Amino acid sequence: MPNERKSPQQKKQLEYARDHFSGGFNSARDFHKGWRRKKARVNRQYRRKSDELLASVKPGLDAGDAEVVSEDITAPRFQKSVSRKRLKKIGVITMGERVKCRLQRRDEAVKRRVLEREYYDHAAAQAVKTLESMSDEKLLAVVNRMQLLLKGNVEELTRVLCSRDPLDQALRFLRAVNIGSARELDALRRNPELCWDFRKWIQKPDRIMAKAKRAQEKNQQEKEAARQRRKEFRKG
């Protein structure tokens, strides 16, 4: 009688229920070898227990002794005394369970990425908002602290990383953008308006740094001119 033809969906369901997967330390190549060793070990234990229980039944016993032994060793009692250990396939699952676990891990990974993006988007928005609300005096202090961070000052870096203050979190965001952190940069790329506001704000510290640099150079030139005048005065 010919077998009933199965649809592709039925074949797939049979494959999920019938096929098994062994991962991790139970590799597909070595599993059958280990399974044979486990079965041999269980059978060996069963034979040894049976031999220990039947050791009293030996050839050469008297008729009376044989009757006593036969009364003590009955089939139900033998079955209770000697039981075969049941084998379990550890680490082996059906293909249906494996597919289900993989789909669940995929969903968890997608949710984790979504939550991660939301966290960095919120952190970027808060950092830009904090930076835009600063006055010029605070901005100069932020620029000085940022220079310490970029130079690798351990104390300042520890303070910024462990603090929950909005200003320190903004500094942490600035440092991450400066060193090219992909998460913070992606947060700016996902929000063009926020990226434009950040680029517009970043021009302010550049102007402040350029102004401070010009003032320092002017002060240095004045000191050099004063030193030249004192030198000429001494010669005269």
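Residues numbered from 1 in each chain as written. Predicted model: local features only at pLDDT ≥ 70, side-chain atom pairs only at ≥ 80, totals over all residues. Heavy atoms only, no water.

A. Structural view of the side chain of Asp168. Structurally, Asp168 is set in helix 8 (residues 166–178). In this view, Asp168 contacts Arg145, Arg159, Val160 and Ser163; residues no more than four positions away in its chain are not counted. (Helix = DSSP H or I, 4+ residues; strand = E, 2+ residues; numbered from the N terminus. Contact = heavy atoms within 4.5 Å.)

B. The packing of helix 6 (residues 136–150) against helix 7 (residues 154–162), seen in detail. At a closest axis distance of 8 Å, the pairing of helix 6 and helix 7 adopts a crossing angle of 110 degrees. Here helix 6 lies roughly perpendicular to helix 7, going by the angle between them. Contacts from Arg145, Leu148 and Leu149 in helix 6 reach Glu156, Leu157, Arg159 and Val160 in helix 7. Across the contact of helix 6 with helix 7, the residue classes tally to four nonpolar, no polar and three charged. (Axes fitted to C-alpha atoms, helices over the stretch in contact; angles between N-to-C directions. Parallel < 35°, antiparallel > 145°, perpendicular 65-115°, else oblique. Nonpolar A, V, L, I, M, F, W, Y, C, P; charged D, E, K, R; others polar.)

C. Representation of the nonpolar core in the model. Judged by nonpolar contacts, the single largest core of 23 residues is most densely connected at Leu131, Leu171, Phe173, Leu174, Leu188 and Phe198. At the level of elements, helix 5 (95–132), helix 6, helix 8, helix 9 (182–190) and helix 10 (192–235) are the ones that each hand at least two residues to this core. Not counting residues within four places of it along the chain, the set of residues in contact with Leu188 comprises Phe173, Val177, Leu194, Cys195 and Phe198. (Core = buried A, V, L, I, M, F, W, Y, C linked by side-chain atoms within 4.5 Å. Buried < 20%, exposed > 50% of the residue type's maximum accessible area, 1.4 Å probe, protein only.)

D. Representation of the packing of aromatic side chains in the model. In this structure the tally under the stated criterion is three aromatic pairs. With centroids separated by 5.8 Å and ring planes inclined at 85 degrees, the aromatic side chains of Phe173 and Phe198 adopt a geometry described as edge-to-face. With Phe173 in helix 8 and Phe198 in helix 10, this pair connects stretches of sequence that are 25 residues apart. Exposure class is identical for Phe173 and Phe198. Each is buried. The exposure class of Phe198 is buried, given its relative accessible area of 8%. These aromatic residues form a ring-pair network of at least three members: Phe173, Phe198 and Trp201. (Phe/Tyr/Trp six-rings, centres within 6.5 Å; stacked < 30°, edge-to-face > 60°.)

E. Layout of the environment of Arg44. Structurally, Arg44 is set in helix 2 (residues 31–53). According to the relative accessible area criterion, Arg44 is partly exposed, its value standing at 36%. Put simply, Arg44 and Arg84 are 40 residues apart on the chain and 10.0 Å apart in space, counted from C-alpha to C-alpha.

F. Representation of the packing of helix 7 against helix 8 in the model. The interhelical angle for the contact between helix 7 and helix 8, taken along N-to-C directions, is 115 degrees, at an axis separation of 8 Å. Considered as vectors, helix 7 and helix 8 are oriented roughly perpendicular to each other. Read as a crossing pair, helix 7 and helix 8 show a hand that is left-handed. Touching Leu157, Arg159, Val160 and Leu161 of helix 7 are Asp168, Leu171, Arg172 and Arg175, all from helix 8. (Left-handed = near helix turned anticlockwise from the far one by under 90°.)

G. Layout of the environment of Arg117. Structurally, Arg117 is set in helix 5. Judged by relative accessible area, which is 47%, Arg117 ranks as partly exposed. When the C-alpha atoms of Arg117 and Arg190 are compared, they prove to be 9.5 Å apart, with 73 residues separating the residues in sequence.

H. How the structure looks around the confidence of the model for the protein chain. For the protein chain, mean pLDDT is 79; residues scoring 70 or higher make up 81% of the total. Below pLDDT 50 for its whole length, residues 61–70 participates in three contacts with residues either more than four positions away or in separate chains. (pLDDT = per-residue confidence, 0-100.)

I. Structural detail: the side chain of Ser163. Assignment of secondary structure puts Ser163 in the loop between helix 7 and helix 8. With residues up to four places along the chain from it excluded, the contact list for Ser163 reads Asp168, Gln169 and Arg172.

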